[in-house]
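# Fold and geometry: a report
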Amino acid sequence: MKALTINLPDSLDSEEFEIKMLLAGQLYERGKVTTGQAAEIVGISKRTFIEIMGRFGFSIFSDSVEDLRNDIGNA
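The present account deals with the structure reproduced in this document. (Residues numbered from 1 in each chain as written. Predicted model: local features only at pLDDT ≥ 70, side-chain atom pairs only at ≥ 80, totals over all residues. Heavy atoms only, no water.)

## Details of the side chain of Thr35
Here is the rule: Every helix listed is a DSSP run of H or I at least four residues long, and every strand listed is a run of E at least two residues long, numbered separately from the N terminus. Note on classification: 1.4 Å probe, protein chains only; a residue is buried when its accessible area is under 20% of the maximum for its type, exposed when over 50%, partly exposed between these limits. Contacts are assigned to residue pairs with any non-hydrogen atoms lying within 4.5 Å of each other.
Tracing the sequence through the fold places Thr35 in helix H2 (residues 35-42). On the basis of relative accessibility, which here comes to 2%, the residue Thr35 falls in the buried class. With residues near it in sequence (within four places) discarded, Thr35 still touches Tyr28, Lys46, Phe49, Ile50, Ile60 and Asp71.

## Description of the pattern of salt bridges
Opposite charge on two side chains permits pairing when their charged atoms draw close. The condition that has to hold: The salt bridge definition used is simple: a Lys or Arg side-chain nitrogen within 4 Å of an Asp or Glu carboxyl oxygen.
Applying the stated criterion across every chain yields a total of two salt bridges. With its nearest N and O atoms 2.9 Å apart, the salt bridge here joins Lys20 to Glu16. Remark: Glu16 and Lys20 occur in helix H1 (residues 16-29); sequence separation between them is four residues, near one turn of the helix. A residue is classified by how much of its surface remains accessible, and Lys20, at 29% relative accessible area, is partly exposed. Residue Arg47 pairs with Glu51 through a salt bridge whose shortest N-O separation is 2.9 Å. Of this pair, Arg47 and Glu51 both sit in helix H3 (residues 46-52), four residues apart, which is roughly one turn of that helix. The two residues Arg47 and Glu51 agree in class, both being exposed.

## What to know about the packing of aromatic side chains
To keep it simple, the criterion reads: Any two rings among Phe, Tyr and Trp, with Trp reduced to its six-membered ring, count as a pair given centres within 6.5 Å; such a pair is stacked if its planes are under 30 degrees apart, edge-to-face if over 60, and tilted if neither.
Within the structure shown, the criterion is met by one aromatic pair. Residues Phe17 and Phe56 carry aromatic rings whose centres are separated by 6.3 Å and whose planes lie at 65 degrees to one another, so their mutual orientation is edge-to-face. In this pair, Phe17 is assigned in helix H1 and Phe56 in the loop between H3 and helix H4 (65-74), connecting sequence segments 39 residues apart.

## Description of H2
Short version of the rule: By arc we mean the arc of the directions from the helix axis to the C-beta atoms, nothing more.
Those residues of H2 that sit buried are Thr35, Ala38, Ala39 and Val42. Buried residues of H2, seen end-on, are gathered within an arc of 100 degrees and therefore sit on one face of the element. At the C-terminal side of H2, Gly43 shows a positive phi close to 90 degrees.

Take a look at the structure:
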């Protein structure tokens, strides 16, 4: 896995977990990563990632039927 360092302003009142969830959720919704890969970015289990996605405004359902079939097959 690649490592990424991001400098954030001190005024940003967000925890590391929240920022990782926002990044991973966006990457998942854009089809760049799977739910498993997104969970790995955050450092949590795939199941936990799926369970809390909604709290961050993300949907587990993608626009692609093929993506949904792959997720079901990999669950």
